[in-house]
Amino acid sequence: MITANNISKRFGELEVLKNINVNVDTGKVVVIIGPSGSGKTTLLRCMNLLEQPEEGTLTIDDQTIDFHGKIPKKSIRSFRRLSGMVFQTYNLFPHFTARQNVMEGPVTVQKVGKQDARKKATEILGKVGLGDKVETYPHQLSGGQQQRVGIARAMAIDPKVMLFDEPTSALDPELVGEVLLVMKQLAEEGRTMVVVTHEMSFAKEVADEVIFMDEGKVIERGTPAEVFETPKEERTKRFLNLITE
Ligand code: ADP
Ligand code: MG
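About the cut-offs
- Residues numbered from 1 in each chain as written.
- Chains lettered and ligands numbered in written order.
- Predicted model: local features only at pLDDT ≥ 70, side-chain atom pairs only at ≥ 80, totals over all residues.
- Heavy atoms only, no water.
- Core = buried A, V, L, I, M, F, W, Y, C linked by side-chain atoms within 4.5 Å.
- Buried < 20%, exposed > 50% of the residue type's maximum accessible area, 1.4 Å probe, protein only.
- Helix = DSSP H or I, 4+ residues; strand = E, 2+ residues; numbered from the N terminus.
- Contact = heavy atoms within 4.5 Å.
- Salt bridge = Lys/Arg side-chain N within 4 Å of Asp/Glu carboxyl O.
- Axes fitted to C-alpha atoms, helices over the stretch in contact; angles between N-to-C directions.
- Parallel < 35°, antiparallel > 145°, perpendicular 65-115°, else oblique.
- Left-handed = near helix turned anticlockwise from the far one by under 90°.
- Pairing = 2+ DSSP bridges.
- Near = heavy atom within 4 Å.
- Polar contact = N/O pair within 3.5 Å; in protein donor to acceptor, adjacent residues only side chain to side chain.
- Nonpolar A, V, L, I, M, F, W, Y, C, P; charged D, E, K, R; others polar.
- Lys, Arg positive; Asp, Glu negative; His and termini not counted.

(A) Molecular detail of the nonpolar core. Counting residues in hydrophobic clusters, the biggest one holds 48 residues, and the most contacted among them are Leu125, Ile151, Met162, Phe164, Met183 and Met193. Here this core takes 8 residues from helix H6 (residues 173–188), the largest share from any one element. When near neighbours in sequence (up to four residues on either side) are disregarded, Met183 contacts Ile151, Phe164, Pro167, Met193, Val195 and Phe202. Core analysis: the next-biggest nonpolar cluster, separate from the first, contains 30 residues, Val16, Ile60, Ile71 and Met85 among them.

(B) Representation of the environment of Ser8 in the model. Looking at where Ser8 falls in the secondary structure, it is placed in strand S1 (residues 2–11). In this structure the C-alpha to C-alpha distance between Ser8 and Asn19, which are 11 residues apart in sequence, comes to 5.1 Å. Excluding residues that lie within four positions of it along the chain, Ser8 makes contacts with Leu17, Lys18, Asn19, Pro53, Glu54 and Glu55.

(C) Structural context of the pattern of salt bridges. According to the stated counting rule, one finds 14 salt bridges in the structure shown. Here Glu189 ties to Lys127 by a salt bridge, and the two come within 3.0 Å at their closest N and O atoms. Of this pair, Glu189 sits in the loop between H6 and strand S8 (193–196) while Lys127 sits in helix H4 (residues 114–127), placing them 62 residues apart in sequence. Linking Glu205 and Lys184 is a salt bridge whose minimum nitrogen-to-oxygen distance equals 3.4 Å. Of the two residues, Glu205 is situated in helix H7 (residues 200–206) and Lys184 in helix H6; the sequence distance between them amounts to 21 residues. Residue class for Glu205 comes out exposed when judged on its relative accessible area of 56%. Linked by salt bridges that have partners in common, Lys9, Arg45, Glu51 and Glu54 make up one network.

(D) Layout of the packing of helix H3 (residues 98–109) against helix H5 (residues 143–156). The N-to-C vectors of H3 and H5 enclose an angle of 25 degrees; their axes lie 8 Å apart at closest approach. Judged by the inter-axis angle, H3 sits roughly parallel to H5. Pair H3 / H5 crosses with right-handed handedness. The residues of H5 that touch H3, namely those facing Ala98, Asn101, Val102 and Pro106, are Val149, Ala152, Arg153 and Ala156.

(E) A look at the packing of H5 against H6. Packing of H5 against H6 brings their axes to within 8 Å, and their N-to-C directions diverge by 20 degrees. With respect to each other, H5 and H6 are oriented roughly parallel. Crossing hand, H5 versus H6: right-handed. Every residue of H6 that contacts H5 at Gly143, Gly144, Gln145, Gln147, Arg148, Ile151 and Met155 is listed here: Leu175, Glu178, Val179, Val182, Met183 and Leu186.

(F) Local environment of the pairing of strand S2 (residues 14–24). As paired strands, S1 and S2 are joined by 7 bridges and run antiparallel to one another. Among the inter-strand pairings, Phe11 is bridged to a residue of S2, identified as Leu14.

(G) Looking closely at the site of ligand 1. Taken together, Phe11, Leu14, Val16, Pro35, Ser36, Gly37, Ser38, Gly39, Lys40, Thr41 and Thr42 are the residues near ligand 1. Ser38 is positioned such that a nitrogen or oxygen atom in its backbone is 3.2 Å from an oxygen atom of ligand 1. In this structure, an oxygen atom belonging to ligand 1 sits 3.0 Å away from a main-chain N or O atom of Gly39. Secondary structure elements with two or more residues in the shell around ligand 1: S2 and helix H1 (40–47). Tallying contributions element by element places H1 first for the shell around ligand 1, with 3 residues. Classifying every residue of the shell around ligand 1 gives 4 nonpolar, 6 polar and 1 charged.

(H) A look at the side chain of Glu166. Residue position: Glu166 is located in the loop between strand S7 (161–165) and H6. Buried and without a salt bridge, Glu166 has Lys40 as its closest oppositely charged side chain, separated by 4.2 Å. In this structure, Glu166 is in contact with Lys40, Gln88, Val196 and His198, ignoring residues within four places of it in sequence.

(I) Focus on the side chain of Gln147. Following the sequence through the fold, Gln147 ends up in helix H5. Looking at Gln147, its side chain comes within polar contact range of the main-chain oxygen of Phe87, at 2.7 Å. Beyond its immediate stretch of four places on either side in the chain, Gln147 contacts Val86, Phe87, Gln88, Tyr90, Pro167 and Val179.

Structure (structure tokens):
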């Protein structure tokens, strides 16, 4: 379970997130959509503590952080392990093989023994369909394969929630499907997921809730049918018209 309550974040003068509330129950999937610059990435980064909001609380599983006040580095580290982030541009280590990329988190963050981490990484890479690519370096993989390594890496620390930031938007169209398929499998396994994406068919099939953000605010939320088929807000309608043209 993840609950972000009244999250507000500014970069200098710019208010990027204004009182955002998001709740994802265990095993549910929330899809966030919205125009570029609306604060989607910043919200995910706040959930992963790569950014710290000025206000609000964040609860993952049984741990809560109140951002009002100073947060000890130790709490940030332990809290960050609760979520696994999948980035738009994969962010793999180029000098590490697929397996080394997946082992890195468990070995350095969780202090898992190399032997065990290696075994587990091999297993997870098998799950995302890369069992024959464990020794391969990122530059030898297609974008879709690299992103599946990115997903495997996020899974490796056994996160309570997985965060996806437009995971298919950097991919050639023919490679999008293989990544969405892996994400669908994760949803079916009952993982708790927050997904920023404009892949409508994925959202319709997999999301329990869709949230539309604009200018740092939640404008509208509901089931995929409610938001996509009978949006209430003008801004939502305009945005949906743009992306479905
Ligand atoms: P989205 O992911 O919806 O496109 P972002 O969260 O990336 O939106 O950005 C929201 C706003 O915050 C944008 O105006 C962006 O320029 C600004 N922003 C993002 N990161 C920073 C940063 N590190 N410093 C200053 N401004 C930032
Ligand atoms: Mg973004």
